[in-house]
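Residues per chain, in single letters:
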Amino acid sequence: QVQLVEPGGGLVQAGGSLRLSCAAPGGTFNNLQTGWFRQAPGKERDFVAGITGSFTYYVDSVKGRFTISRDNAKNMVYLQMNSLKPEDTAIYYCAAKYGSGSVRSREYNYWGQGTQVSVSS
């Protein structure tokens with residue numbers, strides 16, 4: 001069992017930046033693929049970004065603004081979010097899975113508790 005913890009999040013003005021972190025206390029991201037998802041009120045949980053080795057992939061709406069990265073030595077995964085927009089407001093979730101990377105939330109085995117990101121206009 002892998003537990004994921006996500007400190008970070010908060011309230012920021014449009015155009016600002018935030019960095020989300022994801023830790024696996026007592027565990028490891030080795031052999032796991034990791035990704036970030038988000039869920040806005042009344043909407044489904046959507047894929048945002050994923051990382052497999054050195055390969056990263058993003059939903060079109062965040063390309064060029066968000067960067068996912070991973071520090072295996074520190075057992076951390078990050079999501080750097082720049083040029084934030086009000087439509088980025090959502091609860092953001094870190095997730096991990098075995099096997100290959102995926103944009104499908106149902107394929108992920110482990111989830112963090114979520115962290116709120118709010119972007120004001």
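Scoring rules and cut-offs
- Residues numbered from 1 in each chain as written.
- Predicted model: local features only at pLDDT ≥ 70, side-chain atom pairs only at ≥ 80, totals over all residues.
- Heavy atoms only, no water.
- Phe/Tyr/Trp six-rings, centres within 6.5 Å; stacked < 30°, edge-to-face > 60°.
- Helix = DSSP H or I, 4+ residues; strand = E, 2+ residues; numbered from the N terminus.
- Buried < 20%, exposed > 50% of the residue type's maximum accessible area, 1.4 Å probe, protein only.
- Lys NZ or Arg CZ within 6 Å of the ring centre and 35° of its normal.
- Disulfide = S-S within 2.5 Å.
- Polar contact = N/O pair within 3.5 Å; in protein donor to acceptor, adjacent residues only side chain to side chain.
- Contact = heavy atoms within 4.5 Å.

Engineer: Outline the packing of aromatic side chains, supporting the account with residue identities and numerical values.
Structural biologist: What the rule picks out here adds up to 8 aromatic pairs. Relative to Trp111, the ring of Tyr93 lies with its centre 6.3 Å away and its plane at 80°, an arrangement referred to as edge-to-face. Taken as a pair, Tyr93 in strand β8 (residues 90-97) and Trp111 in strand β9 (residues 110-111) lie far apart in primary sequence, 18 residues in all. The exposure class of Trp111 is partly exposed, given its relative accessible area of 26%. Feature note: the residues Phe37, Phe47, Phe55, Tyr57, Tyr93, Tyr108 and Trp111 constitute an aromatic cluster, connected by ring pairs. If you follow Arg45 out to its NZ or CZ, it ends over the ring of Tyr93, 3.6 Å from the centre. Above the face of the Trp111 ring, Arg45 is positioned so that its terminal group lies 4.8 Å from the ring centre.

Engineer: Let's hear about the state of the cysteines: which residues, and what values?
Structural biologist: Applying the stated criterion across every chain, the model contains 1 disulfide. Covalent S-S linkage joins Cys22 and Cys94, the inter-sulfur distance amounting to 2.0 Å. Its torsion about the S-S bond being -80°, the disulfide of Cys22 and Cys94 is classed as left-handed. Of this pair, Cys22 sits in strand β2 (residues 18-23) while Cys94 is found in strand β8, placing the two residues 72 residues apart along the sequence.

Engineer: Let's hear about the side chain of Lys97: which residues, and what values?
Structural biologist: Relative to the elements of secondary structure, Lys97 occurs in strand β8. Here Ser100 takes part through its backbone oxygen, which lies 2.5 Å from a polar atom of the side chain of Lys97. With near-sequence residues (within four places) excluded, Lys97 lies in contact with Asn31, Leu32, Gln33, Ser102, Glu107, Tyr108 and Asn109.

Engineer: So what's going on with unusual backbone geometry? Which residues, and what values?
Structural biologist: The backbone of Asn31 sits at a positive phi, close to 70°, despite the residue not being glycine. Residue classification places Asn31 among the exposed positions, given a relative accessible area of 68%.

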